[in-house]
Amino acid sequence: MTMAEAYIVAAARTAGGRRGGKLAGWHPADLAAQVIGALVARSGIDPAAVEDVILGCVSQVGEQATNVARNAVLASRLPESVPGTSVDRQCGSSQQALHFAAQAVMSGSMDAVIAGGVESMTRVPMFTPNALPAKAGLGTYMSPAMKQRYPGVEFSQFTGAEMIAKNYGIEKDQLDRYALESHRRAIAASREGAFNNEIVPIEILLADGARSGESHTVDEGIRFDATLEGIAGVKLIAEGGRCTAATASQICDGASGVLVVNERGLKALGVKPLARIHHMSVMGHDPVIMLEAPLPATQRALKKAGMRIQDIDLYEVNEAFAPVPIAWLQALDADPARLNVNGGAIALGHPLGASGTKLMTTLIHALGRRGKRYGLQTMCEGGGMANVTIVERL
């Protein structure tokens, strides 16, 4: 019996918006609905044939509360019969949404599922789900049993980034140079039109909700005038540390998504797929260093897939902090020229729950533009986890 397959037939994202920037006027449910509409239009699928919408979102409170995926469906052109569910695997939320969608169509229980993510870091600031209950005296996620297992530990991505830099011997000047290269690659990609086919134009809404008549189509985080001197001069996040805001991912508003189908769904659509899911896995790791999980997770994924890193043409490793992709390159003995070829989150932004399918969208389109076959995506996640997805461009 042959294994069922999962295919991606459409992949789209918004251009990233800076905090308080060009996407700040959009309610996140409405923003996600724009991407859902684009996936339907690009694939030609009957909206009623979409059997589920699975969206990643990290800060599920306020405008992103009460199942933002279902709210996005109700704000979209999909009929009410299409359900929706929201996923929180921290920064890997929409990558996990893709895995769930692929598993659903491979099982045969569904034929067509939209997977994606949304995060408005302007309208629902990072850490709001922790800060609001704490302020109201409603407690914290750290349970007594967790505190007993990890006495005196305060889980922190910032601490984890510094630990990785120290453990892998990555100095500040190396982080600064990496950040500059991320901007340079993003600048080149933007100017060459490498993002044109993946970006959904979004009308800029004014503060009062009025339409501006202008579309947002260029990632706002790219610093077209970036210099090494400017990056090197940014203040350290922690005294005596190595990381700065310039060598970390940018706060970002955005939405992204992919349409995933099986063989039946593919025949019903009558379209050529963009890519096939070749492998998907997820792994837990040390929650204290937290951000190191993509390294062993990728090693295990390659072993499970019967592949070597040399078999992978392009890799997307989320640039949460510069030490993560640099350490990943070291551990995998991977080719830096194949990594984040169009820049990463340091330049393009990291809209948390939307980043998983954002990176996948960019990876699939980059494989197509370059005529390459295999792509690998991974990202660090709060709690010390990492998803890994390998796709084959078709």
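Provided above is the structure to which this section pertains.
Re the overall build of the protein
Then, in step 1: When helices and strands are counted, the protein shows 13 helices and 11 strands.
Then, in step 2: Against the 2.2 N^0.38 benchmark of 21 Å for 394 residues, the protein shows a C-alpha radius of gyration of 20 Å, consistent with a compact globule.
Then, in step 3: Viewed in the frame of its principal axes, the protein has a C-alpha envelope of about 60 × 50 × 50 Å.
Then, in step 4: Relative to its full complement of 394 residues, the protein shows a buried share of 55%.

Observations regarding the packing of aromatic side chains
Then, in step 1: Tallying each qualifying case throughout the model produces three aromatic pairs.
Then, in step 2: Where Tyr 150 meets Phe 155, the ring centres are 5.4 Å apart and the plane angle is 70°; that geometry is what we call edge-to-face.
Then, in step 3: Given the relative accessible area of 22%, Tyr 150 is considered partly exposed.

Considerations on the packing of helix α3 (residues 93–107) against helix α13 (residues 355–370)
Then, in step 1: At their nearest, the axes of α3 and α13 sit 5 Å apart, and the two run at 70° to each other. Regarding the angle of α3 to α13, the classification is roughly perpendicular. Across the interface between the two elements, Ser 94, Gln 95 and Leu 98 from α3 touch Ser 355, Gly 356, Thr 357 and Met 360 from α13.
Then, in step 2: Residue classes in the contact of α3 with α13 are distributed as two nonpolar, five polar and no charged.

Some points on the pairing of strand β7 (residues 253–261)
Then, in step 1: For β7, a buried count of nine out of nine residues is recorded, marking the element as mostly surrounded by other parts of the structure.
Then, in step 2: Burial of the side chains of β7 extends over both faces: Asp 253, Ala 255, Gly 257, Leu 259 and Val 261 are buried on one face and Gly 254, Ser 256, Val 258 and Val 260 on the other.
Then, in step 3: Two elements, strand β1 (residues 7–13) and β7, share six bridges in a ladder whose sense is antiparallel. If you follow Ala 10 over to β7, its bridge partner there is Leu 259.

Here we look at the layout of surface pockets
To find the voids left in a structure, one rolls a probe of water-molecule size over its atoms.
Then, in step 1: The volume enclosed by the largest pocket comes to roughly 1,400 Å³.
Then, in step 2: Lining the largest pocket are 49 residues; nearest its centre among them are Met 126, Phe 127, Gln 157, Phe 158 and Phe 321.
Then, in step 3: A volume near 180 Å³ is recorded for the second largest pocket.
Then, in step 4: In this structure, the second largest pocket is lined by 13 residues; those nearest its centre are Asn 197, Ile 364, His 365, Gly 368 and Arg 369.
Then, in step 5: It is α13 that provides the largest number of residues to the lining of the second largest pocket, a total of four residues.

Some thoughts on the environment of Ala 322
Then, in step 1: Inspection of the secondary structure assignment puts Ala 322 in the loop between β9 (314–317) and α11 (323–332).
Then, in step 2: Taking the C-alpha atoms as reference points, Ala 322 and Ile 164, 158 residues apart in sequence, are found 9.8 Å from one another.

Section: a nonpolar patch on the surface
Then, in step 1: A contiguous nonpolar surface patch, about 260 Å² in accessible area, is contributed by Phe 127, Phe 158 and Ile 237.
Then, in step 2: With respect to the element layout, Ile 237 can be found in the loop between α8 (228–232) and β7.

Section: the nonpolar core
Then, in step 1: Ranked by size, the top nonpolar core spans 45 residues in total, and within it Leu 291, Leu 302, Ile 309, Ile 312, Tyr 315 and Trp 328 carry the most contacts.
Then, in step 2: Tallying contributions element by element places α11 first for this core, with six residues.
Then, in step 3: Not counting chain neighbours up to four residues away, the residues in contact with Ile 312 comprise Leu 302, Met 307, Arg 338, Tyr 374, Gly 375, Leu 376 and Ile 390.
Then, in step 4: With 35 residues, the next largest nonpolar core counts Trp 26, Leu 31, Ala 72 and Val 82 among its residues.

The rules we used
- Residues numbered from 1 in each chain as written.
- Predicted model: local features only at pLDDT ≥ 70, side-chain atom pairs only at ≥ 80, totals over all residues.
- Heavy atoms only, no water.
- Helix = DSSP H or I, 4+ residues; strand = E, 2+ residues; numbered from the N terminus.
- Rg over C-alpha atoms; globule rule 2.2 N^0.38 Å.
- Buried < 20%, exposed > 50% of the residue type's maximum accessible area, 1.4 Å probe, protein only.
- Phe/Tyr/Trp six-rings, centres within 6.5 Å; stacked < 30°, edge-to-face > 60°.
- Axes fitted to C-alpha atoms, helices over the stretch in contact; angles between N-to-C directions.
- Parallel < 35°, antiparallel > 145°, perpendicular 65-115°, else oblique.
- Contact = heavy atoms within 4.5 Å.
- Nonpolar A, V, L, I, M, F, W, Y, C, P; charged D, E, K, R; others polar.
- Pairing = 2+ DSSP bridges.
- 1 Å grid on protein atoms, 1.4 Å probe; cavity = no way out; pocket = protein on both sides within 12 Å on 5 of 7 lines; lining within 4 Å.
- Points joined across faces, edges and corners; volume = space filled by probe spheres on them.
- Patch = residues over 30% accessible without salt bridge, like charges linked within 9 Å, V, L, I, M, F, W, Y side chains within 5 Å.
- Areas by Shrake-Rupley, 256 points an atom, 1.4 Å probe, with all protein chains shown as cover.
- Salt bridge = Lys/Arg side-chain N within 4 Å of Asp/Glu carboxyl O.
- Core = buried A, V, L, I, M, F, W, Y, C linked by side-chain atoms within 4.5 Å.

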